[in-house]
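Chain by chain, the residues:
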Amino acid sequence: MVISGRPVRDIEINHNTSIEKIFDELSQSGGFESVNLSDGLEILSKMISDEKCLKFVSFVGAVVSTGLRGIIKNMIKNKWFDVAITTCGALDHDIARHFSQYEEGSFTMDDMELADQNIHRLGNVLVPMDSYGPLIEEKMQEFLEEEYQKGTREMSTSEICKMIGKHLGEDSFLFWANQNGVDVVVPGIMDGAVGSQVWLFMQKHNDFKLNMRGDADLLSGLIFKAEKSGAFMIGGGISKHHTLWWNQYREGLDYAFYITTAQEFDGSLSGALVREAISWGKVTQDARQATLHAEVTTILPFIYAALLSKLLPKK
């Protein structure tokens, strides 16, 4: 027998309506993605407030090229998470935007003209060549040489992220991760400018090694001791999967909220709903979980504002 839920209610908003109240209105609206959005806020607020929970945030590197870098930075600055798992592009863009700047563009610009002007296009963000490859090469070789002169002969990706964070400033998510003891792990670090610079450094220093086992030891040490675990997964790919993969070793996440624009019918990991991970033991059967289909640079600022309203003391 099918048991229906609450009656669908119209959303009512006026000029005095708080953002927290708007999310409450969405929760009672019946459909469609609005309910997943309000569920996601509830999951995140409970997860962040749960002192027994090991908290993960995973995100794709491309969002760090946009203003969403500020939201990522502030969530880490607020100490809402214990571990961040991301892609090499996030490190690239964090360095590049600290020491330089990107510019506004459009999705319809002529890419051949941009190439002639030494400008890379990342969606509708313009990345001048001088702000990316040569700059990251200069900074990474300088950072790595400094560590090498101190006697360092191998580094895990989490140690590389701490090293970078020490050289950046308060606009940087890596800076705040280092300040607040948040471990940043980059399982696909060779797929980007920072990873390429590590490889290049090893060509000149044959006794220097990239220690991927160190990241595995770090994550296993956290996972096996965790009473509970939860994850906020911003976009798919390797960062999402690595988060799920490690949490299967403790029989899955207890909290999971995932935002994606991918669809599940091609069998891709990025399109897979959180509930699919239950069948793999990566999310527990009684987990509080939701998947929101939305473009993250559009929706995350509103989620962040609502979390601030729920989690921080009212002034």
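Residues numbered from 1 in each chain as written. Predicted model: local features only at pLDDT ≥ 70, side-chain atom pairs only at ≥ 80, totals over all residues. Heavy atoms only, no water.

A. Focus on the overall build of the protein chain. Scanning the protein chain from terminus to terminus reveals 12 helices and 11 strands. For the protein chain, the spread of C-alpha atoms along the principal axes amounts to about 70 × 50 × 45 Å. Burial analysis of the protein chain (315 residues in total) assigns 49% to the buried set. Restricting the contact set of the protein chain to residue pairs at least 6 apart, pairs at least 24 apart contribute 73%. Of the roughly 15600 Å² that the protein chain leaves accessible, carbon and sulfur atoms contribute 51%. (Helix = DSSP H or I, 4+ residues; strand = E, 2+ residues; numbered from the N terminus. Buried < 20%, exposed > 50% of the residue type's maximum accessible area, 1.4 Å probe, protein only. Contact = heavy atoms within 4.5 Å. Areas by Shrake-Rupley, 256 points an atom, 1.4 Å probe, with all protein chains shown as cover.)

B. Structural view of the packing of aromatic side chains. Applying the stated rule across the entire model yields 9 aromatic pairs. Ring centres 5.2 Å apart and planes at 85 degrees place the aromatic pair F201 and F208 in the edge-to-face group. With respect to class, F201 is no different from F208; both count as buried. With a centroid separation of 6.4 Å and an interplanar angle of 70 degrees, the aromatic rings of F224 and Y249 are classed as edge-to-face. Linking F224 in the loop between α10 (212-223) and β9 (228-234) with Y249 in the loop between α11 (237-247) and β10 (253-260), this pair joins segments that are 25 residues apart in sequence. By relative accessible area, F224 is classed as exposed at 55%. (Phe/Tyr/Trp six-rings, centres within 6.5 Å; stacked < 30°, edge-to-face > 60°.)

C. Quick look at the sheet that holds strand β5 (residues 125-128). The 3 strands are arranged β3-β5-β4 in an open sheet whose pairing can be described as antiparallel. Both edges of this open sheet fall to β3 (103-104) and β4 (119-122), since each of them pairs with a single strand only. Inspection of the sheet shows β4 paired to β5 by 4 bridges, in the antiparallel sense. Paired with L122 across the strands is V125, a residue of β5. (Pairing = 2+ DSSP bridges.)

D. The sheet that holds strand β2 (residues 83-86), seen in detail. Across the sheet, 6 strands lie side by side as β7-β2-β1-β9-β10-β11; this open sheet has parallel pairing. Two strands in the sheet have a free side with no partner beyond their single neighbour: β7 (183-185) and β11 (283-293). On average, each strand axis in the sheet is inclined to that of its neighbour by 15 degrees, with strand direction left out of account. Relative to β11, β10 runs parallel, the two being bridged by 7 bridges. The residue of β11 that forms the bridge with I259 is L292. Its contacts with the sheet put helix α2 (residues 33-49) on β1 (53-59), β9, β10 and β11, and the angle it makes with β11 is roughly 130 degrees. Along the sheet, helix α12 (residues 296-311) makes contact with β9, β10 and β11, crossing β10 at roughly 135 degrees. (Axes fitted to C-alpha atoms, helices over the stretch in contact; angles between N-to-C directions.)

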